[in-house]
Amino acid sequence: MVYTNKEYCLEVKGSMACFTRPEMKVERVSYDVITPSAARAIFEAIFWKPAIRWNITRIEVLNPIKWFSFKRNEVGNLMSPRASGLFIEDNRQQKSSLLLKDVCYRIFAELEFIPIRNRTEEDKSKATAGSSDENPGKYNAMFERRAKKGQCFNQPYLGCREFSADFTYIENPVKGDGIPENRDLGYMLYDMDFTNEKDPKPMFFRAIMKQGVLVVPSINSEEVRR
């Protein structure tokens, strides 16, 4: 059976955001706007199951792009399973960050239902008895109910966990323009390719904002570079 993906819209805002550019190895420098992977994580924080996949389709930038910088403390090392402990004071590093402030986006995403036959072997084993006749209707209803009530499995955030995001479910959204600005954002991180879970690879796409709107290509599009 062929299913049609239903598109949803959330308005997301926060006082601070950092969508870190991967080419910056030491200091944190944010992209100009939210990345598709960060937008996907917001939808997944509200609702996710092995039977669905979120595909970001459109990002409307509603607030002017504003920057600010500051220094913050970070831990320089990772905790090892073989270590007896990690003394933070000996591993503290002060790094500069170039962040966004007062951000607001309207994000559109499709909820894609994954039939059992197309899921990974691990997810197939998690499927419950009687789930062979599943359809996307129940997952659409579950997301709508949670999003309308403001429920989430974990607090959505804007790039870094300390930058929490507020979200509002937009019912019957109308696609429009964002800020009156055109900007070539260069190559932006699209998402991670987990085809090989032991060696995930980044995917990029050429991001061009027109009248405050960033149209996100399909993951199978030739625009997505692997």
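Only a predicted model underlies this, so the values are computations on that prediction, with no experimental measurement involved. (Residues numbered from 1 in each chain as written. Predicted model: local features only at pLDDT ≥ 70, side-chain atom pairs only at ≥ 80, totals over all residues. Heavy atoms only, no water.)

1. Description of the overall build of the protein chain
The condition that has to hold: A helix here means a DSSP run of H or I that spans at least four residues, while a strand means a run of E at least two residues long, and both kinds are numbered starting from the N terminus. The rule is simple: take the accessible area with a 1.4 Å probe, protein chains only, and divide by the maximum for that residue type; under 20% is buried, over 50% is exposed, in between is partly exposed. We call two residues contacting when some pair of their heavy atoms lies within 4.5 Å. The method behind every accessible area is Shrake-Rupley, applied with a 1.4 Å probe, and residues are considered shielded solely by the protein chains displayed.
Per the secondary structure count, the protein chain includes three helices and eleven strands. In sequence order, the protein chain lays out its α and β elements as β-β-α-β-β-β-α-α-β-β-β-β-β-β. Burial statistics for the protein chain: of 226 residues in total, 40% are counted as buried. Counting only contacts in the protein chain whose residues sit at least 6 apart along the sequence, the fraction spanning at least 24 positions is 71%. Within the structure as shown, the protein chain displays about 13,300 Å² of accessible surface, and the carbon and sulfur contribution to it stands at 48%.

2. Here's the deal with helix H3 (residues 136-149)
Where we set the bar: Each helix should span, by expectation, one fewer than its residue count multiplied by 1.5 Å.
Over its 14 residues, H3 extends 20 Å from the first C-alpha to the last, a length consistent with the 20 Å expected when each residue adds 1.5 Å. With its phi angle positive at about 75°, Gly150 sits one or two positions after the end of H3.

3. Describing the side chain of Arg146
Spelled out, the test is: In this count, Lys and Arg are taken as positive residues and Asp and Glu as negative ones, while His and the chain termini are left out. When a carboxyl oxygen of Asp or Glu is within 4 Å of a side-chain nitrogen of Lys or Arg, the pair counts as a salt bridge.
Here Arg146 is to be found in helix H3. As a buried residue without a salt bridge, Arg146 has its nearest oppositely charged side chain in Glu144, at a separation of 13 Å. Not counting the four nearest positions on each side in its chain, Arg146 is found in contact with Ile46, Phe47, Gln151, Cys152 and Phe153.

4. Quick word on the state of the cysteines
Defined as follows: Disulfides are defined as pairs of cysteine sulfur atoms found within 2.5 Å of each other.
Taken as a whole, this structure holds zero disulfides when the rule is applied. Cys18 carries a free sulfur, and the closest cysteine sulfur to it, the one in Cys160, is 4.4 Å from it. A relative accessible area of 0% places Cys18 in the buried class.

5. Considerations on the side chain of Ser97
Note on placement: Ser97 falls in strand S5 (residues 92-113). Those residues within four positions of Ser97 in sequence are excluded, and the remaining contacts are Arg28, Phe68, Ser69, Phe70 and Arg72.

6. Points about the nonpolar core
For clarity, the threshold we go by: Side-chain atoms within 4.5 Å link the members of a nonpolar core, which is a set of buried Ala, Val, Leu, Ile, Met, Phe, Trp, Tyr and Cys residues.
Among the nonpolar cores identified, the biggest contains 51 residues, and Leu10, Tyr105 and Phe143 are the most heavily contacted of them. Looking at this core, the element that brings in the most residues is S5, giving eight residues. Every residue in contact with Leu10, bar those within four places of it in the chain, is listed here: Ile42, Phe43, Ile46, Tyr105, Arg106, Ile107, Phe143, Ala147, Phe167, Thr168, Tyr169 and Ile170.

7. Thoughts on unusual backbone geometry
Outside of glycine, negative phi angles account for most residues, and trans bonds account for most peptide bonds. Backbone geometry places Asp102, a non-glycine residue, at a positive phi of 50°. The topology assignment puts Asp102 in strand S5. The exposure class assigned to Asp102 is partly exposed, which follows from its relative accessible area of 34%. A positive phi angle, close to 50°, is found at Asn172, a residue other than glycine. Examined against the element boundaries, Asn172 turns out to sit in the loop between strand S8 (166-169) and strand S9 (183-193).

8. Points about the pattern of salt bridges
Opposite charge on two side chains permits pairing when their charged atoms draw close. The final tally for this structure, using the stated rule, is 15 salt bridges. Two residues, Arg40 and Asp191, come together in a salt bridge whose shortest N-O distance is 2.7 Å. Linking Arg40 in helix H1 (residues 36-46) with Asp191 in strand S9, this pair joins segments that are 151 residues apart in sequence. Look at Asp191 and you get buried, because its relative accessible area is 13%. Of the charged contacts in the structure, one is a salt bridge between Lys201 and Asp199, with a shortest N-O distance of 3.1 Å.

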